[in-house]
Amino acid sequence: IDRAAKIVTAADGTTAAYDKLLIATGSMPIIIPVPGHQLPGVLTYRDMDDVNAMLVAAQSGGNAVVIGGGLLGLEAAAGLKERGMDVTVVHLGPTLMERQLDPTAGHLLQRELEARGINVVTSANTKEIIGEGYVEGVRLEDGTEMPAKIVIMAVGIRPNTALADDAGININRGILVDAHMQTSDPDIFAVGECVEFGGSVYGLGAPLYAMANVLAAHLAGTEGEGFTETALATKLKVTGVDLFSAGDFQDG
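Described in the following lines is the structure provided in the data block. (Residues numbered from 1 in each chain as written. Predicted model: local features only at pLDDT ≥ 70, side-chain atom pairs only at ≥ 80, totals over all residues. Heavy atoms only, no water.)

### A closer look at helix 3 (residues 103–115)
The end-to-end C-alpha distance of helix 3, which contains 13 residues, comes to 18 Å, matching closely the 18 Å that a straight helix rising 1.5 Å per residue would cover. Taken together, the buried positions of helix 3 are occupied by Gly106, Leu109, Gln110 and Leu113. Projected down its long axis, helix 3 shows its buried positions confined to an angular sector of 105°, all on one face. In helix 3, the exposed positions that point more than 90 degrees away from the buried face belong to Thr104, Arg111 and Ala115. Among the structural elements, helix 2 (71–82) and strand 8 (119–121) are those in contact with the buried residues of helix 3. Just downstream of helix 3, Gly117 is the residue with a positive phi angle, here 90°. (Helix = DSSP H or I, 4+ residues; strand = E, 2+ residues; numbered from the N terminus. Expected span 1.5 Å × (residues − 1). Buried < 20%, exposed > 50% of the residue type's maximum accessible area, 1.4 Å probe, protein only. Arc of directions from axis to C-beta. Contact = heavy atoms within 4.5 Å.)

### Quick look at the nonpolar core
Counting 28 residues, the largest nonpolar core has Leu80, Leu109 and Leu236 as its most contacted members. Put simply, the parts of the chain that give this core at least two residues each are helix 1 (48–58), strand 6 (63–67), helix 2, strand 7 (86–90), helix 3 and strand 12 (150–153). When residues in this core are grouped by element, the largest group, 6 residues, is from helix 2. Setting aside residues up to four positions removed in sequence, Leu80 forms contacts with Met54, Ala58, Ala64, Val66, Met85, Val87, Ile150 and Ile152. In terms of nonpolar packing, the next biggest core, distinct from the first, is built from 22 residues, Ile23, Ala167, Ala190 and Cys194 among them. (Core = buried A, V, L, I, M, F, W, Y, C linked by side-chain atoms within 4.5 Å.)

And the structure:
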């Protein structure tokens, strides 16, 4: 991004001039840098390539370990279980989905998933991923080993800010924006999982659509209210587990 000339250059040399520019670079999955994390068979759960790799692995059954007991991890675990794999969820926290559920609800959810044949191990710190040339298992900090022919890392996301940073736009955890999605450059805007607003970054659909609506109104000149932080509701898309969470539970 050449902010002075207002030109964007693509990797293949294509250039495009702009009056207003929108950055929507999304996020990158967090990879825990444990030994073995680069072995074939270690997957994240972010795009169609990841899903297709899971589908291929599931065709022949076997063991899968999902690292991360949040929304994405549980949805990956349920999908692999439905396709005939033996699935274990390994979660660092004491209860599942601790960012959305209080401990009681987390225990209820664990019981529900275990009734569907998904193994859940909480308070579990992954020490290394075992394998010679390909994933063979996961070893925890306490020495426990579990076999796995695929390992899914679903431990969170990190805003993809590199492009904005290279252009000299202000970033913190995400690309910093105001209530109209404007960055530190008045002609450059950002929306989605790459942005930070009011100290928060967002990984759920609802606020991202709200950002897009605010920006659309701003660019069209029909200025409405700016983006505001609203209480986020969470639904789990695991078939047969009806879960809904809203509000602030963290202060008891």
